[in-house]
Amino acid sequence: MIKTKENLKPFKTLRTQLKILRGRGLKVPADGKPMRALERIGYYTLINGYKTLFLTRDTKGNVIHPEVFIKESSFDEILALYHFDKELRAILYTALLEYETNLGAELAYRFSESFPDENSYLAIDNFNGTNISSIVGTISSLSNTIKNMASVKKNQQNAIKHYVNKHGHVPLWVLVNFLTFGELNYFYRNCQDNVQVAIAKDFSSHLRREYSKKYATSITPETINAINHLANHFRNAVAHNEITYSKRLSKSPDLRSIKNILSLPVPLSSQAGIFELVMSLKIVLPKKDYLILSKALLKLLDNYKKHFHSVNFNAILQDMNFPLNYKEFLAVTSS
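Let us look at the structure shown here.

Cut-offs and rules
The residue count restarts for each chain, going from 1 along the sequence in the order it is written. Residues qualify for local features only when their pLDDT is at least 70, as the model is predicted, and side-chain atom pairs are given and counted only at 80 or more; totals for whole chains, interfaces and linings, by contrast, use all residues. Side-chain figures throughout are based on the complete set of non-hydrogen atoms in the structure, without hydrogens or water. We define a salt bridge as a contact between a side-chain nitrogen of Lys or Arg and a carboxyl oxygen of Asp or Glu at a distance within 4 Å. Note on conventions: DSSP H or I runs of at least 4 residues are helices, E runs of at least 2 residues are strands, and numbering of each starts at the N terminus. Patch rule: a residue counts if its relative accessible area is over 30% and it has no salt bridge; like charges are joined within 9 Å, and nonpolar side chains (Val, Leu, Ile, Met, Phe, Trp, Tyr) within 5 Å. Computed with the Shrake-Rupley method and a 1.4 Å probe, the accessible areas treat only the protein chains shown as cover for residues. To sort residues, take the accessible area from a 1.4 Å probe on protein chains only and compare it with the maximum for the residue type: under 20% means buried, over 50% means exposed, and anything in between is partly exposed. Contact definition: two residues touch when any of their heavy atoms are within 4.5 Å.

### Structural notes on the pattern of salt bridges
Pairs can form between side chains of opposite charge whenever their charged atoms are close. Evaluated as defined, the whole model comprises 13 salt bridges. Between Arg 24 and Glu 67 there is a salt bridge, with its nearest N and O atoms 3.7 Å apart. Of the two residues, Arg 24 sits in the loop between α1 (14–23) and α2 (33–41) while Glu 67 sits in the loop between α3 (43–50) and α4 (75–114), which places them 43 residues apart along the sequence. Put simply, Asp 289 and Lys 288 hold a salt bridge, and the shortest N to O gap is 3.2 Å. Among the charged side chains, a network of salt bridges with common partners joins Arg 24, Lys 51 and Glu 67.

The following block contains the structure:
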């Protein structure tokens, strides 16, 4: 007879799940709202994902086990944090998509300007040569994208398939629209120095043109690479519905150039979070798109302040790496 392994995480009904939460000190209303929330979202996503802020800690800041919720913490607060994070992801996603489009357009133009031949992006000599394995990986991903998009079913049409069938090749300005942000990131990183510099200068020109302030520090390829690293990390997080408000890079790129360009009076964290991402996007987004981002963030923060009572809203700002005077940094001034 086969001996089955004991299930250490057995199935629990929704009522049992709520009973467990009450037993740990969480205030759970009996109006049916918590039950419906668990039905739609799931215990793991909602509770395991967003409970940490509301758990009791010891003098060293470590969560006490077995878990106990802090006094007066409620299910509604956890649910509010979930919705706050969901709305935050949507706001960031729009901004990150805009930067993705801008970066793709810059890559297509400046690379094609330097290497105008057909399929020049598939030639290894047209890249910087410092990291051959990375360059080969980039060329392979470009080739695979063309192959996959060109081989879709007859009744499915796309721009790559059209160019392959009608012209026998795919211009880079068409191809970039089918690349992931990660692929654009590596493409830029592997470009020859003159292409990277030209793109960085373009972003510097955009920044100075859209703001009357004459920025003393120019955007460099190192700045673009740092922003791309940060943007790619959060682009993946928001696209996959990961917990975002408290997400940080364990090892951030050097962000000193971003601090210098914006003349920020505060240091940027070595474990970059939402604040560092937003400041980075301020440099590379068109002014109108950054205004949309900043206004949406300010409205989001103002709307959710009133939803938290057992914890200070500053704790959420801290998890986002936001300074208490964040409004001064999010604002757009022409000076």
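### Some thoughts on the environment of Pro 267
Summarising the element assignment, Pro 267 is placed in the loop between α11 (256–262) and α12 (274–284). The spacing of Pro 267 and Asn 155 is 112 residues in sequence and 54 Å in space, taken between C-alpha atoms.

### A word on a nonpolar patch on the surface
Together, Ile 124, Ile 132 and Val 136 make up an exposed nonpolar region whose accessible area comes to about 230 Å². Given a relative accessible area of 44%, Ile 132 falls into the partly exposed group.

### Regarding unusual backbone geometry
Trans peptide bonds make up most of the peptide bonds, and negative phi angles are found at most residues other than glycine. A cis amide bond links His 65 to the next residue, Pro 66, at an omega of -5°. For Asn 241, which is not glycine, the phi torsion reads 55° and is therefore positive. Inspection of the secondary structure puts Asn 241 in the loop between α10 (221–239) and α11. With a relative accessible area of 58%, Asn 241 lands in the exposed category. In this structure, Asn 321 is a non-glycine residue whose phi angle is positive, near 65°. Tracing the sequence through the fold places Asn 321 in the loop between α14 (313–319) and α15 (326–330).

### Notes on the environment of Ser 120
As for its placement among the helices and strands, Ser 120 is situated in the loop between α4 and α5 (132–150). For the pair Ser 120 and Arg 110, spaced 10 residues apart in the sequence, the C-alpha separation amounts to 12 Å. Excluding anything up to four places from it in sequence, Ser 120 contacts Phe 111, Phe 115 and Asn 126.

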